[in-house]
Amino acid sequence: MGSKRAFGRARSVEIPTIECVFMVEENPDWDPENWADEAPPDSNLALSLQGIDYPFAHAVADVVDNSISHGKAENVWIEVSAYRGDNFAPYVAIIDDGEGMSPEELYQAITYGIFKEYDEMSLGKFGLGMKTASLSQSEVLTVCSRTDADSDFHCLTWDMNFFRSRKAGGRWIPLKTSIANIPEEVLDYISEGTGTIVFWSDLNKMIPGIYEKNEGVVSQQLEARIRKADSHLGM
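Read on for an overview of the structure.

Side note on helix H3 (residues 103–110)
Listing the buried residues of H3 in full gives Leu106, Ala109 and Ile110. All buried residues of H3 fall inside an arc of 85 degrees around its axis, so they share one side. Along its buried surface, H3 packs onto helix H4 (129–135), strand S4 (140–146) and strand S5 (154–159).

So this is what it looks like as structure tokens:
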């Protein structure tokens, strides 16, 4: 059982950018001789950010708005299903037909903390929006994109279970992923063009204990959430 939703460019809302200029005086204590070893954040920070309270409808809306406003998409589709083929493997996919991203732009897009020009109060301004929205609902976020219809898709994944395993020793390591891991019915939307796929899998954050639940019940719960998203987006 699956649900599909489409959104047009006319839904875009332009929000003015607020610029802030900070005057910082030089401090002699900042001399490189006083620098200690770099202290990058542990990957557990990503797990902490999963705790940000994002209702499903708001999480979807954030990704849709990003696709329209910054990906220059004409169309955005949402595919929600409890199955991949005959297998019970619930997912949510948000697909746009925008300009897409180069491998370098994709890496920046999934990097936490990359500063961008957004509305002053937006989490996206601080490089958190798409990641925190997506991972508030799922344990695994995969983003695939391309800027040329004749080129291959490039995909990167944040897997919170990988972080929990500590296999990377607390380092922020995204996983390279093949487009073959994306269901054909999702890829079909932009199989002949450019664009981006934001793919949420392992939906334990959205529906705790999802894999122990009756499959029909899960399908109903997914449908209920997408109806709320419809309402929130004004469908």
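A short note on the nonpolar core
In this structure, Ile78, Ile94 and Trp200 are the most contacted members of the largest nonpolar core, which totals 47 residues. Ranked by size, the runner-up nonpolar core spans 13 residues in total, among them Ala93, Cys144, Leu187 and Phe199.

Some remarks on the pairing of strand S7 (residues 195–201)
Counting buried positions along S7 yields seven of seven residues, so the element is predominantly enclosed. Burial along S7 is two-sided: the residues Gly195, Ile197, Phe199 and Ser201 and Thr196, Val198 and Trp200 are all buried. When S4 meets S7, the two strands line up antiparallel, connected through seven bridges. Counterpart to Thr142 in the pairing with S7 is Phe199.

Here's the deal with the layout of surface pockets
Estimates place the volume of the second largest pocket at around 200 Å³. In terms of lining, the second largest pocket is formed by 15 residues, of which the most central are Tyr54, Pro55, Phe56, Gln137 and Arg225. Elements with a contribution of two residues or more to the lining of the second largest pocket: helix H2 (56–69) and helix H7 (215–232). If you tally residues by element for the lining of the second largest pocket, the top one is H7, at three residues. Residues of the lining of the second largest pocket, tallied by class, amount to seven nonpolar, four polar and four charged.

Here's the deal with the packing of H2 against H7
Taken N-terminus to C-terminus, the directions of H2 and H7 make an angle of 60 degrees; their axes are 8 Å apart at the nearest point. Here H7 runs oblique to H2, going by the angle between their axes. The chirality of how H2 crosses H7 is right-handed. On the side of H2, the interface is formed by Phe56, Ala57, His58 and Ala61, while H7 contributes Arg225, Ile226, Lys228, Ala229 and His232. Classifying every residue of the contact of H2 with H7 by side-chain character gives five nonpolar, two polar and two charged.

The rules behind the values
Residues numbered from 1 in each chain as written. Predicted model: local features only at pLDDT ≥ 70, side-chain atom pairs only at ≥ 80, totals over all residues. Heavy atoms only, no water. Buried < 20%, exposed > 50% of the residue type's maximum accessible area, 1.4 Å probe, protein only. Helix = DSSP H or I, 4+ residues; strand = E, 2+ residues; numbered from the N terminus. Arc of directions from axis to C-beta. Contact = heavy atoms within 4.5 Å. Core = buried A, V, L, I, M, F, W, Y, C linked by side-chain atoms within 4.5 Å. Pairing = 2+ DSSP bridges. 1 Å grid on protein atoms, 1.4 Å probe; cavity = no way out; pocket = protein on both sides within 12 Å on 5 of 7 lines; lining within 4 Å. Points joined across faces, edges and corners; volume = space filled by probe spheres on them. Nonpolar A, V, L, I, M, F, W, Y, C, P; charged D, E, K, R; others polar. Axes fitted to C-alpha atoms, helices over the stretch in contact; angles between N-to-C directions. Parallel < 35°, antiparallel > 145°, perpendicular 65-115°, else oblique. Left-handed = near helix turned anticlockwise from the far one by under 90°.

That is the geometry; function is a separate question.
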